[in-house]
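Structural description and commentary
The lines below spell out each chain.
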Amino acid sequence: MSGHWGSPRDLTIGAVVIAYLALILFLWRYLRRAHEQVWKDIGGPTIVPTLDSLRQTLLTLKYLWSPSADRSGDGMLIAIVWGIRLLFLAAVTLIILWPRG
């Protein structure tokens, strides 16, 4: 069953992806404020697209899946990173396991 805004599957996946992107933006702001060197190491990403955005995104993903954040000792950073990891896995799981139609 599909409504004006889309199927429940599409709306759920969309909501998870939006939450994931919002948390990525929050991570960038948090790193800039609390861990400036890490923020610089991943290219100083911002919401404004640049020619360097792809590199910044790839460096962010590398950081997210590395043990660096877990070893930081910063509880807030660890929570943000694990939230992003869980949202990513939730989106992938929903896309793969929830059939269309």
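Now for a description of the structure that goes with this document. For every chain, the first residue of the written sequence is number 1, and numbering continues from 1 onward in sequence order. It should be noted that, the model being predicted, local features are given only for residues of pLDDT at least 70 and side-chain atom pairs only at 80 or more, the latter also being counted only at that level, while totals for whole chains, interfaces and linings use all residues. Only hydrogens and water are removed before side-chain values are computed, so all heavy atoms of the structure are retained for them.

What follows concerns the overall build of the chain. Helix and strand content of the chain: four helices and zero strands. Elements are defined by DSSP. Helices are runs of H or I of four residues or more, strands are runs of E of two residues or more, and each kind is numbered from the N terminus. Listing the helices and strands of the chain from first to last along the sequence gives α-α-α-α. Taken along its principal axes, the extent of the C-alpha atoms in the chain is 50 × 30 × 20 Å. Three labels apply to residues, based on accessible area from a 1.4 Å probe with only protein chains included: buried if under 20% of the type maximum, exposed if over 50%, partly exposed otherwise in between. Within the chain, the fraction of its 101 residues that count as buried is 30%. The protein chains shown are the only cover counted for residues, whose accessible areas, like all others here, come from Shrake-Rupley with a 1.4 Å probe. A total accessible area of about 6900 Å² is found for the chain, and carbon and sulfur atoms account for 69% of it. Residues scored as positive are Lys and Arg, those scored as negative are Asp and Glu, and His as well as the terminal groups of each chain are ignored. Note that the charge is assigned to NZ on lysines, CZ on arginines, CG on aspartates and CD on glutamates. Both charge centroids of the chain, one from 10 positive and one from 6 negative side chains, sit 3 Å from each other.

Pairing is possible between side chains that carry opposite charge, provided their charged atoms lie close to one another. A pair is scored as a salt bridge if a Lys or Arg side-chain nitrogen falls within 4 Å of a carboxyl oxygen belonging to Asp or Glu. Applying the stated criterion across every chain yields a total of five salt bridges. For Lys-40, the salt bridge goes to Glu-36, with nearest N and O atoms at 3.7 Å. Of this pair, Lys-40 and Glu-36 both sit in helix H2 (residues 36-41), four residues apart, which is roughly one turn of the helix. Measuring nitrogen to oxygen at the nearest pair gives 3.2 Å for the salt bridge that ties Arg-85 to Asp-70. Highlighted residues: Arg-85 in helix H4 (residues 75-97) and Asp-70 in the loop between helix H3 (53-64) and H4, separated in sequence by 15 residues. Judged by relative accessible area, Arg-85 falls into the buried class, the value being 5%. When salt bridges that share partners are traced, they join Arg-9, Asp-10 and Arg-100 into one network.

Note on patches: the residues involved have over 30% relative accessible area and no salt bridge, like charges join within 9 Å, and the nonpolar side chains Val, Leu, Ile, Met, Phe, Trp and Tyr join within 5 Å. Among the surface-exposed residues, Leu-54, Leu-58, Leu-61, Trp-65, Trp-82, Leu-86, Phe-88, Leu-89, Val-92, Ile-95, Ile-96 and Leu-97 lie close enough to one another that they form a single nonpolar patch of about 1200 Å² accessible area. Mapped onto the nonpolar patch, the elements with two or more residues apiece are H3 and H4. Secondary-structure assignment places Leu-89 in helix H4. Note on Leu-89: relative accessible area 42%, which makes it partly exposed.

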